[in-house]
There are 4 protein chains.
Amino acid sequence: MIDFTIPAALREIRDRVRAFVRDHVLPAEPGIGDPVTDRDLVPLREVARAAGLWNPHLPAAYGGLGLEPTGVALVQEACGVSALASLALNCMAPDEGTMHVLLDHGTDEQRERYLRPLADGAIRSCFAMTEKEVSGSDPTLLRAMARRDGDGWVLDGEKWFISGADGAAFALVMTVTDPGAEPHRRASLFLVPTDTPGWTVIRDIPTMGTHLPGGHCEIRLEGCRVPADALVGAAGDGFAIAQGRLGHGRLGHAMRWIGLAQRALDLATARARDREAFGRALAGHQGVAFGLADSAIQLHAARLMVLHAAWKLERGLEHRQEVAMVKVFVAEALGDIVDRALQVHGALGYSADTPLEAAYRDARAARIYDGPSEVHRMAIARALVKASERDGSTRAATGSVE
Amino acid sequence: MIDFTIPAALREIRDRVRAFVRDHVLPAEPGIGDPVTDRDLVPLREVARAAGLWNPHLPAAYGGLGLEPTGVALVQEACGVSALASLALNCMAPDEGTMHVLLDHGTDEQRERYLRPLADGAIRSCFAMTEKEVSGSDPTLLRAMARRDGDGWVLDGEKWFISGADGAAFALVMTVTDPGAEPHRRASLFLVPTDTPGWTVIRDIPTMGTHLPGGHCEIRLEGCRVPADALVGAAGDGFAIAQGRLGHGRLGHAMRWIGLAQRALDLATARARDREAFGRALAGHQGVAFGLADSAIQLHAARLMVLHAAWKLERGLEHRQEVAMVKVFVAEALGDIVDRALQVHGALGYSADTPLEAAYRDARAARIYDGPSEVHRMAIARALVKASERDGSTRAATGSVE
Amino acid sequence: MIDFTIPAALREIRDRVRAFVRDHVLPAEPGIGDPVTDRDLVPLREVARAAGLWNPHLPAAYGGLGLEPTGVALVQEACGVSALASLALNCMAPDEGTMHVLLDHGTDEQRERYLRPLADGAIRSCFAMTEKEVSGSDPTLLRAMARRDGDGWVLDGEKWFISGADGAAFALVMTVTDPGAEPHRRASLFLVPTDTPGWTVIRDIPTMGTHLPGGHCEIRLEGCRVPADALVGAAGDGFAIAQGRLGHGRLGHAMRWIGLAQRALDLATARARDREAFGRALAGHQGVAFGLADSAIQLHAARLMVLHAAWKLERGLEHRQEVAMVKVFVAEALGDIVDRALQVHGALGYSADTPLEAAYRDARAARIYDGPSEVHRMAIARALVKASERDGSTRAATGSVE
Amino acid sequence: MIDFTIPAALREIRDRVRAFVRDHVLPAEPGIGDPVTDRDLVPLREVARAAGLWNPHLPAAYGGLGLEPTGVALVQEACGVSALASLALNCMAPDEGTMHVLLDHGTDEQRERYLRPLADGAIRSCFAMTEKEVSGSDPTLLRAMARRDGDGWVLDGEKWFISGADGAAFALVMTVTDPGAEPHRRASLFLVPTDTPGWTVIRDIPTMGTHLPGGHCEIRLEGCRVPADALVGAAGDGFAIAQGRLGHGRLGHAMRWIGLAQRALDLATARARDREAFGRALAGHQGVAFGLADSAIQLHAARLMVLHAAWKLERGLEHRQEVAMVKVFVAEALGDIVDRALQVHGALGYSADTPLEAAYRDARAARIYDGPSEVHRMAIARALVKASERDGSTRAATGSVE
């Protein structure tokens, strides 16, 4: 039955997350600044644990709240107003994705040894897939290789823009293991502790975004030897696991973007309400009002699309098309909403005196990471063509509940 | 609980409407053309009645299916692929709106005398609010007047762009009754049979859209005397009733637009799949593929926004902001989607050989009728400012379920 | 030397064309309507001849004013406010293009027998290149064939959307003559009198646009025999000649579009100035004002781009990239400007009571004919890549005067 | 006569500026970084002087090249590829504007004492108009005051976002001198040496842009006493002088933006040419190709609009409308072009490994400084309405040469 009611238990958690953000995260923001270090997070994490908000996305067995995707969506939205909030709750990329991978595909030993300390916030991790020389959008081009060596594997190659790598305790590394297999079965995923000889962080690549713990690093793997049990899932499962991880990961990002967009619209509306020019409040100028309205519409549509995709994920329904549409739409909505909010603040918005300046720089990455918008648009179109061939209509590929 | 499942009973009705449209309406289209007359509809209406699809929006007491707004939404979407379909089911503007007004505000006698034959499809009606000389967007400027005359009222004024007026049996006419009242209490609604002396259809205004029964007419009211019981609701209720009517009416339009947009996207995808240029199917050209993807995304967002607003209407929750966002977003999505579909067909799309040519002309009106996008954007922005003042956040005005 | 001054002699002609349009064409418009027939034009053409404005684009030897491309640009812009104006001056597509082709590539006899009566306005012509079954955007796919037959040629095939064909005295027909040649040398151009056995106008395809003399027709060529001297230029020159024709033709269209866009902006501004809503003139509402401003900016840019391309054409400089950029930009600017002008008129703009309704329908074709925007964008990008390879910069492909 | 030819002498200078940028500025860029200090510029300035490129915008009497506005436009475009280039040639905001003000309105003594060392590059200046508490877009709201005090004046107030203030030798300060005058005669301009007691740089406001010498500062004026001859122009001339300064200044910015946009498009095209994905160069993907084409079109239009406005300025023709259109269009074109260039580079574009990352942050300011786009759009619309009233057409306000 079509229903948009949020269950009371979930609303209660969401409201507590909002209160945590309002009372603890936002006041901490000015003192933390950029870059954000692991140390900066310690006090916030203590409060979060004490407040019973730690690990919203994990089962109780790992000290989590056991929320389903729609619940996680609401929590992540509440977190999105500040990059610090998800970090404080331990549900931020890339660790959130790592935890999902190990929960779903890890062995008992991998879970005990790596998932547990990650869930406890004792260590950090990273996911090493992207390479510089080949399009990250076309994973069949991966060059990093793992060859069998006795019982184990030896990894060689270069990885690039690996978020969180600096200071991570271990990495999930995607490498080709069978170059002759069909493209999506060529690669496998390895769990590589970062103290393994041959793993080197070459540099932390400077970007325009807020610097979160671990940065975005360039990595070299040179004769990096791992044992047989370093494999996550089976050999050849690499892409399938990465895809699954990205489902959760992209929704997580989209949810946080909505929270950030909401904050930007709140700031824009408050400014338009309070600032005067040409004899009236800015909000009384139709051009400004139109911008606020457009932001509200995009935000509303974005939120519904995320909830819908999370619901499909939760019900075990096919959701790739919905997640792709979310990735494209929400990333662009965020960009538009932050841009308008900045503009309504004029020079003040361009300065670091408001959070919009950082939001603008951070938002620009949303159209690139976890697959650039171009690649998702291509995938969406392919699904439309397939539905058209199969059903004589594209309905099933446009989110219609059939 | 957040749920997008369509109940089985509703899905069954929707699927029967789809089958009716596919098997009866689309095949009838070429033989009917433009203009569409009342007579053209007779055979389709017979089939619709026989199929048990008549009056989806009305209670059983009026021979209807008794669907709630979310159900009506799904039926109207299925109808939207052809202007003929809603006409065939008797759930098309302006009559659908008239029926809602009489159901909610009519006296028993008004319902018996006017709603019943309307529900039976025996007569047509119109809603006479807009005036040429003043902005329809600003109803406080209305000039048509009704003055008391003994027991009854005498109406004078001019109305413009009154859909369905030519051939209508009666009109609901909005006129000022108390010029000194506060703006939104100045006007009242009268039920005026069109054979009342003083009611004249001056002309049927030519437009670029498909000509549906009754056209869009210019009306003169000159000493048009009606009895006391011609009043619908109380004196001064005019705006409030019109607003209520527009809630249903705008959603009805939006639902049909989604159906039309779906048809346009289906045609575009089929064309892109089958047509070759420069050595590949059009769909293999990234620019074309991006257009398909953008249409799918807009359609998906539009559908969710309509379902959400219908759900709020159904639950009796405040829904004006949601309906305004739907009106703006879906009208523009329709325009974009039809435009892209036409372009992918090239000259063929510009010709009357596909339904896209008429869809393009019809779609242009969507940004104008039932309030131009500009007026809705202003209303949306005002609600944002109010929420900001009240809550310190605009969340409640951006569709967030709180 | 960079100079935007219009020489006095040219300004004088342009001002006389403007006066002709204002005093004769616009007053004739309401009496002519749609479709426009050859007969409708007779009185206007007489006035144009008497006023010394006939054939602005032709040399004096053909009774013309002998204007260079920048001069023609200014005249066509003045004509653009009404489809009737260029027809009245005999400088409208497709005849204008035919005249250029025969002037540049015709034999003396072809010029005497076909160009002269065309220049006199005694007959009409058409240009038969497009085919339905293959993408008009990819001319290497043409299927219509001409095979040698004794001294002459026999033409077979189907043509589609051939403007002006109904009632034309002759056609320029593009057919494949050497399927084995390299793609751009495969086709040739033939001059085919329409009373040649085997030439059939199957139907005049209905479109949403204003119907000008001759329509847009579907043509069948069936064993259509023409003599050896029916060839225009040499065998294999077809594409080269068509490209040359399109240079003039696209600029001609773009110039007229600017005139039409100027009229739309004039109407929009007048409406915004005179109409009130919410206590102020529409122009005092910032959203409306922004729309006017954006239209002005697009119009300004469009005019400069056309003048620049015309100047390059006039000087014999390479101008294909500039013409392609003009085709894309001006067609879209026209669409935007007319759309905004319609919207500012509300329902009135959607009605046939203003010329904007027809302008909206006509403007939609601009993104399709003479090459859809997609094909021009691809060509522009290819030129950028070539310039990048050659110069290490794209400057020469972005209109920079080097 | 309409002519786009660049005179040989001018082309020669432009080509030398290009060579200077290519051979000296770009190689120096990596070693300079952000912030840029006065000291960083010394070696580049020496080369520029030696190359005879110093002060392109000034007359020979001040050691300049004596170029007219179209010449300056070409030089500034060549400089725009790097913020360092205009600084190296001494033709960068805010000093370029200050020089124009003193040239046009300064007394002989002011010129000798302040313009000469500025022209020599010995000192820097700033222009203190904007205030935080009131909309910079509405200069009639200025609060800073100057009151007569004996022979001189005493200035009080706060200024905000004053570019170049930190380290400037003097400021041109706009303050109210006659609050009762009609709005545009209320303010006057004072030349204030920054060692005047009462002038304080409170802080250098952090922004997202490249930090150029002097930053963007917050200033306090507290009992700041200046002599009578500190007045620039007459009392009440403040706005008129500021407007004149902005004509040159806005064109200067627009020219540099075009140079920067050209660089971004060059980088995007090279990347699209060389990078492969999904079996082809990126440029072979239509979506990418369309983006390149759109950038080329915007760049082309932008360049023509700037040349046209510079030509009007040069000829002493009314040019405010043209400059406003340039300001809006070129700022937005720059944003779009840089955004697309960044996107085509993916994560690399987001990193500081290419100049696009800084270009993206810098470009965002273009829609704000020297008047936000909103204010220019309002002014453009007002001019359209005025032309409509005066001429019955908006032609004269859309750049048409009448």
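These numbers come from a predicted model, not from an experiment. (Residues numbered from 1 in each chain as written. Chains lettered and ligands numbered in written order. Predicted model: local features only at pLDDT ≥ 70, side-chain atom pairs only at ≥ 80, totals over all residues.)

### Focus on the overall build of chain A
Looking only at helices and strands, chain A features 12 helices and 10 strands. For 402 residues, the compact-globule estimate of 2.2 N^0.38 gives 21 Å, and chain A sits close to it at 22 Å. By principal-axis analysis of the C-alpha atoms, chain A measures approximately 80 × 55 × 40 Å. By the burial criterion, 59% of the 402 residues in chain A qualify as buried. Taking the intrachain contacts of chain A between residues at least 6 apart in sequence as the baseline, contacts between residues at least 24 apart amount to 71%. (Helix = DSSP H or I, 4+ residues; strand = E, 2+ residues; numbered from the N terminus. Rg over C-alpha atoms; globule rule 2.2 N^0.38 Å. Buried ≥ 20, exposed ≤ 12 C-beta atoms within 10 Å, placed from the backbone. Contact = placed C-beta atoms within 7 Å.)

### Considering the domain arrangement of chain A
Residues and elements named next belong to chain A. For chain A, the assigned domains read domain 1 (8-120), domain 2 (125-239) and domain 3 (240-397). Once you take the C-alpha centre of each, domain 2 and domain 3 turn out to be 30 Å apart. Contact residues are listed per partner, giving 12 residues for domain 2 and 12 residues for domain 3. Partitioning the side of domain 2 that touches domain 3 into residue classes produces 6 nonpolar, 5 polar and 1 charged. (Domains from an automatic or database assignment. Nonpolar A, V, L, I, M, F, W, Y, C, P; charged D, E, K, R; others polar.)

### So, the nonpolar core
For soluble globular proteins, nonpolar side chains are generally found buried alongside one another. Counting 196 residues, the largest nonpolar core has V306 of chain A together with M305, V306 and V330 of chain B as the members making the most contacts within it. Those residues in contact with V306 of chain A, other than ones at most four positions away along the chain, are A73, L251, A254, M255, I258, V326 and V330 of chain A. Formed by 194 residues, the second largest nonpolar core is a distinct cluster that contains L356 of chain C together with L212, A261 and A379 of chain D. (Core = buried A, V, L, I, M, F, W, Y, C linked by C-beta atoms within 7 Å.)

### Remarks on the relation of the copies chain B and chain A
Least-squares fitting of chain B to chain A yields an RMSD of 0.0 Å, with the transformation described by 0.0 Å of translation along the axis and a rotation of 180°. Here the transformation between the copies is reduced to the relation of a two-fold axis. (Least-squares fit on C-alpha atoms with pLDDT ≥ 70 in both.)

### Quick notes on the interface of chain B and chain A
One frequent convention defines the size of an interface as the accessible area lost when the parts assemble. Counting from both sides, the interface comprises 50 residues of chain B and, opposite them, 50 residues of chain A. No other element matches helix 8 (residues 286-315) of chain B, which puts 16 residues into the side of chain B that touches chain A. For the side of chain B that touches chain A, the residue count by class is 30 nonpolar, 13 polar and 7 charged.

### Some points on the environment of E218 of chain B
All names here are of chain B. Mapped onto the secondary structure, E218 falls in strand 7 (residues 216-226). On the basis of neighbour count, E218 is assigned to the partly exposed category, with 19 C-beta atoms found within 10 Å. When the C-alpha atoms of E218 and W160 are compared, they prove to be 4.4 Å apart, with 58 residues separating the residues in sequence. Apart from the residues lying within four places of it in its own chain, the contact partners of E218 are W160, I202, R203 and I205.

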